[in-house]
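Coordinates in review
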Amino acid sequence: MKILIVDDEEDVRAIAAFSLSRVGKMDVIEAASGDEALVLAAAEAPDLILLDLMMPAKDGVATFRDLASNAATAKIPVIFLTASVAPSEMQRLVTLGALGVITKPFNPMKLAEEVQAVIDGAHR
Amino acid sequence: MSRSAFSRIPLAPIALLLSLALTFWGYRIARSYESTARQQRIERALDGVEVAISLRLARYAALVRACSALYMASETVTPQEFRHFLGSLDLDRNFPGVDAIGFVDRVRRADGSEAYMVASMEPTVGETTVIGTDLANEPKRRSAIERSRDTGEATITAKTALLADVEKRPGFVMFVPVYRAGAVLRTTENRREAVIGWIWARFHADEVMQTTRGPLSAGSDFAIYDGEEPKPSDLLYATRADSLSTFRLRRTVAFYGRPWTIEMSAEKAHAPADAQYESITILIAGTVASLLIAGIIAVLQSTRRRALGLAEQRSAELIESEARTRSIVQHMHTGLVTMDDQGLLTLVNPAAETIFHAPARELLGKPFATLLDEGDREFVVEALVERGSFRAKGRRKDGQPFPCEIAFFEFHATRGRELAASIRDLTAFEEVEQLKRNFVAIVSHELRTPLTSIRGALGLLAGGAAGDLTPDASRMVQIAERNSLRLMNLINDLLLFEKIEEGKLEMDIRPVAIATIIDRSLEAVREMANHHEVSLRVNGTEGDALADELRLTQVVVNLLSNAIKFSPRGAEVLVTTQPSDSSIEFRVIDHGRGIPAHALKRIFEPFEQADTSESRASGGTGLGLAISKAIIQRHGGTIGVQSEPARGSTFWFRVPAARALVVEPVGGGMS
């Protein structure tokens, strides 16, 4: 499975990438901004995108809309990463079409499991 | 005249003088009345004495005339016949006071002069020397004899001592002429010619008067003088030897040719007892009443003066107090307005002018509602009824809305209860609030983001994702990871608490299986329990709660964490759930050292722990129970604790149960 991690925080990105690749044995590509994510997603066609919600310039929701509006990336499932835990916010994101939400801080040893759980839950 | 000038008039002395004058006037009138009454009483007594004497003397005259008639009717009256005649009259009984009675013979001497010889005298006992006395040699008797001879009337002598009376008691003698039978008595000459003798009767004045003092004169003191002047030498009789009274009434009356002067003395004893003291009573009572009136007036005046003084003082105090209150209202920093019962503004202080950017004169008389943003007016009217304090949007003069806090309160005024409102401009306060919120947001993001990385990196290291570590390195990484976790929890608790405080904690309440909550909670604390060597046991997981799964789990985790932290090694922590009709009760029971009674009361307050030193030792923030309580309350549930030192604690809470019939999730968007 190839996963695109989008986060403006380089350290968070590195840990998530490390976690998913080493613990989850996944292929990971990284993007530091929404725009970079749009390019990479179109170019690499990942199986899943982990998208940080709060980013400068183009935030998570805007990036998500752009991905959805591009036929090349519209079908790639997206899981939001967010520090916000307000249920209404989660609900809003799911309503937008996201596969699910994983809250930060995440347990790096279990991030892959959580991702798999969201995928399984969405497909059930 | 001013009131104070009036109060300075010496009313009491004036009243005293007036009242005393009135009393004295009354006294004089009473005295005058008393005096008149007394004089009238004495006049009456004098009349009585005069009448009594007249009657008595008339009686004597009648006796003497009767004797005279006897002599005129008979050529010769022998002394024996005369004695018998007198005896038949019973002199002692019918004519008391008569000392003696007899005949005086007219004797023509050879030289042509006349002698008036006492021829007889009855009674004669011891009085033999009187017989043969020539009364013509004694002027007083001669005068009376000749007067009776000339007038034919009875006459009496001036005061004289009776013949042969060694005591020389005052007395008088009465004469009635005896004319020749058949003589013509038309003129004085006729009478002088025809007289043959006289019947005389003599009297001791005291004996006459003592038997004369009848009922009319009884009780009165009087004196009788012969003549027209009360000369002591002419005193015939006096009821008392001393004549003490100052008041005397005198009358001269002619008795049988002699003027007698009767003098009545007035004695207090003669006046009725009640009338006697009338004037004195008036004087005393009047004086006492005057003093009383003056005293009362003095007291009243002094009281009035004091009251006026007090009123002036109070008035001054009131003015000062009023000025002080006004000054406070003028200078206070809180806006203050008052309104009448129509809600129209009656007072606007300078602080309120500043707040609303409008001078008071423009606001006075306008409805209170004009101070508010239109959207808030209705709500404020409701609040006004409840007299509470609340936040609202005010409206400045230019229409600009601003946040403010308004507190309505009633106060008592002279016109009754009035309404006032204190107003605080919260613009600056809300700016600070916003800064605080911004700060919290920064903390939320900027502090958590690097911490997320630290924790992630340490987690990966500790989990062996980066390869095996040496035992020492592994231990250090674990310490770092544990403390980063603690720091993360602290930040999370603070952020959550801040949200709760602001009322911005969102809840997603829907039916949740109790089993799910318990499973997730146990999973979250299992590692910690292992670390503390505490075993976890569950009793009962049936039923569904109507709850926010995430938040309720957070509460159970919190209670379990506390139980584990405070349990000794090897102990057991028990979780039980007990469903009832309407609620589910969760219990977390430990066998730790318990909580002292004094700490129990505040255990759910923020930053409270049974022992503050526990905070560091146990790694708690002191916010866990406060957050738990807030979450349970947001569920409409209750939370509590029972604890016994050295026996352990039981934390419990109840949340609503999800009934089987409930199909629709409740409050999915509840916030």
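Residues numbered from 1 in each chain as written. Chains lettered and ligands numbered in written order. Predicted model: local features only at pLDDT ≥ 70, side-chain atom pairs only at ≥ 80, totals over all residues. Heavy atoms only, no water.

1. Quick word on the overall build of chain B
- The secondary structure content of chain B amounts to 19 helices and 22 strands.
- Here chain B holds 671 residues, and 40% of them are scored as buried.
- Sequence separation of 24 or more characterises 61% of the internal contacts of chain B that already satisfy a separation of 6 or more. (Helix = DSSP H or I, 4+ residues; strand = E, 2+ residues; numbered from the N terminus. Buried < 20%, exposed > 50% of the residue type's maximum accessible area, 1.4 Å probe, protein only. Contact = heavy atoms within 4.5 Å.)

2. Some details on the overall build of chain A
- Looking only at helices and strands, chain A has five helices and five strands in total.
- When its helices and strands are written in sequence order, chain A yields β-α-β-α-β-α-β-α-β-α.
- Looking at the 124 residues of chain A, the share that counts as buried comes to 45%.
- The contacts in chain A between residues at least 6 apart in sequence include a share of 59% that link residues at least 24 apart.
- Taken as a whole, chain A presents about 5600 Å² of accessible surface, with 51% of it coming from carbon and sulfur. (Areas by Shrake-Rupley, 256 points an atom, 1.4 Å probe, with all protein chains shown as cover.)

3. Considerations on the side chain of Arg149 of chain B
Residue and element names in this part refer to chain B.
- On the secondary structure map, Arg149 appears in helix α5 (residues 139–151).
- Look at Arg149 and you get buried, because its relative accessible area is 9%.
- A polar contact of 2.9 Å, which involves the side chain of Arg149, links it to the side chain of Asp150.
- Those residues in contact with Arg149 that sit more than four places away from it in its chain are Glu114, Tyr116, Pro177, Tyr179, Arg191, Arg192, Val195 and Trp198. (Polar contact = N/O pair within 3.5 Å; in protein donor to acceptor, adjacent residues only side chain to side chain.)

4. Let's talk about the sheet that holds strand β5 (residues 100–103) of chain A
Residues and elements named next belong to chain A.
- Across the sheet, five strands lie side by side as β2-β1-β3-β4-β5; this open sheet has parallel pairing. Strands with a single pairing partner mark the edges of an open sheet, and in this sheet they are β2 (27–31) and β5. The mean angle between the axes of side-by-side strands here comes to 25°, regardless of whether they run parallel or antiparallel.
- Two strands pair when backbone bridges link them, and strand β3 (residues 48–52) and strand β4 (residues 78–82) are joined in this way by four bridges, in the parallel orientation. Bridging from a neighbouring strand, Leu50 pairs with Ile79 of β4. (Pairing = 2+ DSSP bridges. Axes fitted to C-alpha atoms, helices over the stretch in contact; angles between N-to-C directions.)

5. A look at the confidence of the model for chain B
Residue and element names in this part refer to chain B.
- Per-residue pLDDT for chain B averages 84, and the proportion of residues at 70 or more is 89%.
- The secondary structure element of chain B with the lowest average pLDDT is helix α18 (residues 612–618), at 47, and the one with the highest is strand β3 (residues 155–156), at 94.
- Counted against residues more than four places away or in other chains, residues 612–617, with its pLDDT under 50, gives seven contacts.
- Counting interchain partners and residues more than four positions distant, the pLDDT-below-50 stretch residues 660–671 has 15 contacts.
- Here the predicted complex carries an ipTM of 0.76, next to a pTM of 0.44. (pLDDT = per-residue confidence, 0-100.)

6. A word on the packing of helix α15 (residues 514–532) of chain B against helix α16 (residues 549–565) of chain B
Residues and elements named next belong to chain B.
- Remark: α15 packs on α16, axes separated minimally by 9 Å, with the N-to-C direction vectors making an angle of 30°. Taken as axis vectors, α15 and α16 run roughly parallel relative to one another. Judged by the sense of rotation from one axis to the other, the crossing of α15 with α16 is right-handed. Residues Thr516, Ile517, Arg520, Ser521, Leu522, Ala524, Val525, Met528, Ala529 and His532 of α15 form the contact with α16, whose own contacting residues are Glu549, Leu552, Thr553, Val556, Val557, Leu560, Ser561, Ile564 and Lys565.
- Residue composition of the contact of α15 with α16, by class: eleven nonpolar, five polar and three charged. (Parallel < 35°, antiparallel > 145°, perpendicular 65-115°, else oblique. Left-handed = near helix turned anticlockwise from the far one by under 90°. Nonpolar A, V, L, I, M, F, W, Y, C, P; charged D, E, K, R; others polar.)

7. Looking at the interface of chain A and chain B
- The interface is formed by 18 residues belonging to chain A together with 19 residues belonging to chain B.
- Taken over both partners, the interface formed by chain A and chain B buries close to 1700 Å², and the fraction arising from carbon and sulfur atoms is 68%.
- Joining chain A to chain B, the criterion identifies zero salt bridges.
- Remark: the boundary between chain A and chain B carries two residue pairs in polar contact (both at pLDDT 80 or more).
- In terms of residue count, the dominant contributor to the side of chain A that touches chain B is helix α1 (residues 10–23) of chain A (seven residues). (Buried area = accessible area lost by both parts, 1.4 Å probe. Salt bridge = Lys/Arg side-chain N within 4 Å of Asp/Glu carboxyl O.)

8. Looking at the pattern of salt bridges
Residue and element names in this part refer to chain B.
- One pass over the full model with this rule turns up 37 salt bridges over all chains.
- Across the pair Arg258 and Asp226 runs a salt bridge, and its minimum N-O distance is 3.1 Å. Residue Arg258 is found in strand β10 (residues 258–265), and its partner Asp226 is found in strand β7 (residues 221–226); the two are separated by 32 residues along the sequence.
- Asp226 gets classed as buried once you look at its relative accessible area, which sits at 3%.
- When salt bridges that share partners are traced, they join Glu43, Asp47, Glu50 and Arg251 into one network.

9. Re the sheet that holds strand β15 (residues 416–425) of chain B
Residues and elements named next belong to chain B.
- Pairing in this open sheet of five strands is antiparallel, and the strands run β12-β11-β15-β14-β13 from one edge to the other. Each edge of the sheet is formed by a strand with only one pairing partner; in this case those strands are β12 (345–348) and β13 (389–395). Strand-to-strand twist in this sheet, taken as the mean axis angle between neighbours without regard to direction, amounts to 35°.
- Direction of pairing for strand β11 (residues 335–339) relative to β12: antiparallel, over a ladder of three bridges. Residue pairing across strands places Val337 opposite Val348, the latter belonging to β12.

10. Overview of the environment of Leu559 of chain B
All names here are of chain B.
- In this fold, Leu559 is placed in helix α16.
- According to the relative accessible area criterion, Leu559 is buried, its value standing at 2%.
- Sequence separation between Leu559 and Asp590 is 31 residues; the distance between their C-alpha atoms is 10.0 Å.
- Discounting chain neighbours no more than four positions away, the residues touching Leu559 are Val588, Leu625, Phe651 and Phe653.

11. Brief notes about the side chain of Ser628 of chain B
All names here are of chain B.
- With respect to the helices and strands, the residue Ser628 is situated in helix α19 (residues 624–634).
- Under the relative-accessibility criterion, Ser628 is labelled buried at 1%.
- Aside from chain neighbours lying at most four places away, what touches Ser628 is Val555, Asn558 and Ile639.

12. Notes on the nonpolar core
Residue and element names in this part refer to chain B.
- Leu552, Leu560, Phe586, Phe653 and Val655 are the most contacted members of the largest nonpolar core, which has 48 residues in total.
- Ranked by residue count, the leading element in this core is α16, at eight residues.
- The contact partners of Val655, leaving out residues within four places of it in the chain, are Ala545, Leu552, Ser582, Ser583, Ile584, Phe586, Ile632 and His635.
- Counting residues in each nonpolar core, the second largest holds 42 residues, with Cys67, Tyr71, Ile101 and Val178 among its members. (Core = buried A, V, L, I, M, F, W, Y, C linked by side-chain atoms within 4.5 Å.)

13. Examining helix α9 (residues 278–331) of chain B
- Given a rise of 1.5 Å per residue, 54 residues ought to cover 80 Å, and the 77 Å separating the end C-alpha atoms of α9 of chain B matches this to within 8%.
- Restricting attention to buried positions, one finds in α9 of chain B the residues Ser279, Gly286, Ser290, Ala294, Gln301, Leu308 and Val329 of chain B. (Expected span 1.5 Å × (residues − 1).)

14. Focus on unusual backbone geometry
- Put simply, Glu122 of chain B and Pro123 of chain B share a cis peptide bond, and its omega is -10°.
- Along the chain, Pro123 of chain B falls in the loop between β2 (114–118) and α5.
- With phi around 45°, Ala45 of chain A is a residue other than glycine that occupies positive phi space.
- Here Ala45 of chain A lies in the loop between α2 (34–44) and β3.
- Its identity is not glycine, yet Tyr256 of chain B carries a phi of approximately 50°, on the positive side.
- With respect to the helices and strands, Tyr256 of chain B occurs in the loop between β9 (248–255) and β10.
- Tyr256 of chain B sits in the partly exposed class, given a relative accessible area of 26%.

15. Looking at the packing of helix α2 (residues 11–73) of chain B against α9 of chain B
- Contact geometry of α2 of chain B with α9 of chain B gives a least axis separation of 8 Å together with a crossing angle of 170°. Classed by the angle they form, the pair α2 of chain B and α9 of chain B counts as roughly antiparallel.

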